[in-house]
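# Close look at the chain arrangement
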Amino acid sequence: MAGSELDFHLLVATLRTDRADVESYSRVLSDTLGAALPPGMVEVDRRRTFADRVAGRAGQPVEVRVTTPDQLLVLTASRSGGVAAEVRQVVRGVVISRRDTELDEWLTVLAAELQSLASRDERARAALARLLGG
């Protein structure tokens, strides 16, 4: 953190590091930041096999959605093993546009939203500081 501001570029770099699949992002967004983010801001869809049900496991994350006041950020596990990213523009709860993006752009949009939230909420600011190692 630089002064009382979170370093935007450090936040983007931290989110980008070693995260190439939906499971990694769902873990970071749900576990690391989940307690500090408003309820319902992060949703994870999972695919549960019979073996998952029998073993009591939650299943494999296949989609992560981050809801902000003006956008819905969606990561979906692609069939090739990577991640498909999409930014949806929202007005009064209605999606008015959808745009496929590169993961780096998606992370930049997410970081900006998290930084904005942290500027308004002490718990979010503390969670982001922990994520950044500060």
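Below or above, wherever it landed, is the structure these notes cover. (Residues numbered from 1 in each chain as written. Predicted model: local features only at pLDDT ≥ 70, side-chain atom pairs only at ≥ 80, totals over all residues. Heavy atoms only, no water.)

## Some points on the sheet that holds strand 4 (residues 83–91)
Spatially, 1-2-3-4-5 is the arrangement adopted by the 5 strands of the open sheet, whose pairing is antiparallel. The open sheet terminates on both sides in strands that have one partner only, identified here as strand 1 (42–47) and strand 5 (94–101). Mean inter-strand twist for the sheet, computed between neighbouring axes without regard to direction, equals 20°. As paired strands, strand 3 (residues 71–77) and strand 4 are joined by 7 bridges and run antiparallel to one another. Considered in strand 4, the bridge of T76 is made with A84. Running over the sheet, helix 4 (residues 103–120) touches strand 2 (60–67), strand 3, strand 4 and strand 5 and is turned about 140° from strand 3. (Pairing = 2+ DSSP bridges. Helix = DSSP H or I, 4+ residues; strand = E, 2+ residues; numbered from the N terminus. Axes fitted to C-alpha atoms, helices over the stretch in contact; angles between N-to-C directions. Contact = heavy atoms within 4.5 Å.)

## Comments concerning the nonpolar core
L29, V66, L73, W106 and L110 are the most contacted members of the largest nonpolar core, which has 20 residues in total. When contributions to this core are tallied by element, the ones reaching two or more residues are helix 2 (22–32), strand 2, strand 3, strand 4, helix 4 and helix 5 (122–131). (Core = buried A, V, L, I, M, F, W, Y, C linked by side-chain atoms within 4.5 Å. Buried < 20%, exposed > 50% of the residue type's maximum accessible area, 1.4 Å probe, protein only.)

## A word on the pattern of salt bridges
Scanning the entire structure with this criterion turns up 7 salt bridges. For R65, the salt bridge goes to E43, with nearest N and O atoms at 3.4 Å. Placement of R65 in strand 2 and of E43 in strand 1 is noted, with a sequence separation of 22 residues between them. Measuring nitrogen to oxygen at the nearest pair gives 2.7 Å for the salt bridge that ties R65 to E63. Across this residue pair, the class does not change: R65 and E63 are buried. Residues joined by salt bridges that share partners form a network here, namely E43, D45, E63 and R65. (Salt bridge = Lys/Arg side-chain N within 4 Å of Asp/Glu carboxyl O.)

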